[in-house]
Amino acid sequence: MAAGPHILIFDSGVGGLTVLREARRQLAHARLTYVADNAGFPYGAWQEDALVAHVIALFERLVGELNPDICVIACNTASTLVLPALRARFSMPFVGTVPAIKPAAERTRSGLISVLATPGTVKRDYTGALIRDFAGHCEVTLVGAANLAALAEAKLAGEKVDPGMVRAEIEPAFREMDGRRTDHVVLACTHYPLLLDELAAAAPWDVAWIDPAAAIARRIGDVLADLKPGGALARAPGDAPGGAERALFTARRELAAPLRGALLGLGLEAGNLAPGPQGGAGAPQGPAGN
Ligand code: DGL
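Residues numbered from 1 in each chain as written. Predicted model: local features only at pLDDT ≥ 70, side-chain atom pairs only at ≥ 80, totals over all residues. Heavy atoms only, no water.

Draft legend 1. Inspection of the environment of A78 at higher detail. Tracing the backbone shows A78 in helix α3 (residues 76-89). According to the relative accessible area criterion, A78 is buried, its value standing at 1%. When residues no more than four places from it in sequence are discounted, the contact partners of A78 are Y43, I73 and L83. (Helix = DSSP H or I, 4+ residues; strand = E, 2+ residues; numbered from the N terminus. Buried < 20%, exposed > 50% of the residue type's maximum accessible area, 1.4 Å probe, protein only. Contact = heavy atoms within 4.5 Å.)

Pasting the structure below:
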């Protein structure tokens, strides 16, 4: 079987599957491993220093055990904070996911755009810099949604999503000013595209929802094209190419049957990351609060 590049796609939960889905579509030759740090979910509630240390420690294990050719941080909350430290620590390329403020600012007609993200992402300096660099001509509303990512997790686990909760989370993203209305909402958390139907149903008026997954998959393809054959893409001995693709979870708890089904639909067998050095599964402390 052909030895395509091994791509590790990482998120705090199931949100990164929206990126994996696109990577699957665009990069059919690649072998994908998905890692969900569900023991650490939600990342949106972590303090910054603790989250950096936690993600670096987890990647020490992931890189050692999985030997990926490239890592994709399919999580805005982590990417807007941890990418420089990951790139400094590990030699393989890291592709991140950051709020798609630039395309929203280029496409808006009303000049009113909103960024729907976790409470962590809206606070980041990185997000502020994107707004300064690319959206100076726009009125940008940042909305830190405390519960939307958990609602997306619940949906994939087969639970019913309460439309009232969705409405309450997205309401501040819809602004009216001098006869103009918000016309673009950036989905700056990879979980949110999983709720696209619910978001559209709860919206007070039609907007364009910007999901960056396709652009991220293209970026992965570009980075892979730049890696030299025989260089970063050489397989390590014993690293069998073309094996079953897996979705590994850090928390050792039973996954809901609908989630297992969704993973299988993406060609992924669910499993756990091997217990860490302290007997935990990679997230011994859990979220560190606000
Ligand atoms: N999927 C993650 C993101 O893109 C966040 C979910 C969480 O709070 O852990 O930001």
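Draft legend 2. Representation of the site of the ligand. Taken together, 14 residues are adjacent to the ligand, and S12, Y43, N76, T77 and H191 come closest. Residue D11 places a side-chain N or O atom 3.0 Å away from a nitrogen atom belonging to the ligand. Contacts to the ligand include T190, whose backbone N or O atom sits 2.8 Å from an oxygen atom. Compared with its free state, where it exposes 300 Å², the ligand has 99% of that area covered by protein. (Near = heavy atom within 4 Å. Polar contact = N/O pair within 3.5 Å; in protein donor to acceptor, adjacent residues only side chain to side chain. Areas by Shrake-Rupley, 256 points an atom, 1.4 Å probe, with all protein chains shown as cover.)

Draft legend 3. The arrangement of empty space enclosed by the protein in detail. This model, assessed by the stated rule, comprises one cavity of 30 Å³ or more. Lining the largest cavity are T18, V19, N76, T97, L187, C189, T190, P193, D211, P212, A213 and I216. At the level of secondary structure, the elements contributing two or more residues to the lining of the largest cavity comprise α1 (17-26) and α10 (213-226). Of the residues belonging to the lining of the largest cavity, the class tally is seven nonpolar, four polar and one charged. (1 Å grid on protein atoms, 1.4 Å probe; cavity = no way out; pocket = protein on both sides within 12 Å on 5 of 7 lines; lining within 4 Å. Points joined across faces, edges and corners; volume = space filled by probe spheres on them. Nonpolar A, V, L, I, M, F, W, Y, C, P; charged D, E, K, R; others polar.)

Draft legend 4. Expanded view of the layout of surface pockets. Counted as a void, the largest pocket has a volume near 540 Å³. In this structure, the largest pocket is lined by 25 residues; those nearest its centre are V98, A100, P212, A215 and I216. Among the elements of the structure, α3, β4 (94-95), α4 (101-107), α6 (125-134) and α10 are those that each provide at least two residues to the lining of the largest pocket. It is α10 that contributes the most residues to the lining of the largest pocket, six residues altogether. A breakdown of the residues in the lining of the largest pocket according to their chemical character gives 17 nonpolar, two polar and six charged.

Draft legend 5. View of the sheet that holds strand β10 (residues 208-210). The strand order across the open sheet formed by four strands is β6-β5-β9-β10, and the pairing between neighbours is parallel. If you trace the sheet from one side to the other, it starts and ends with β6 (139-144) and β10, each paired once. For this sheet, the mean inter-axis angle between neighbouring strands, taken without regard to orientation, is 20°. When strand β9 (residues 184-187) meets β10, the two strands line up parallel, connected through three bridges. By the bridge assignment, V186 is partnered in β10 with I210. (Pairing = 2+ DSSP bridges. Axes fitted to C-alpha atoms, helices over the stretch in contact; angles between N-to-C directions.)

Keep in mind that these numbers describe shape and distance, not what the molecule does.
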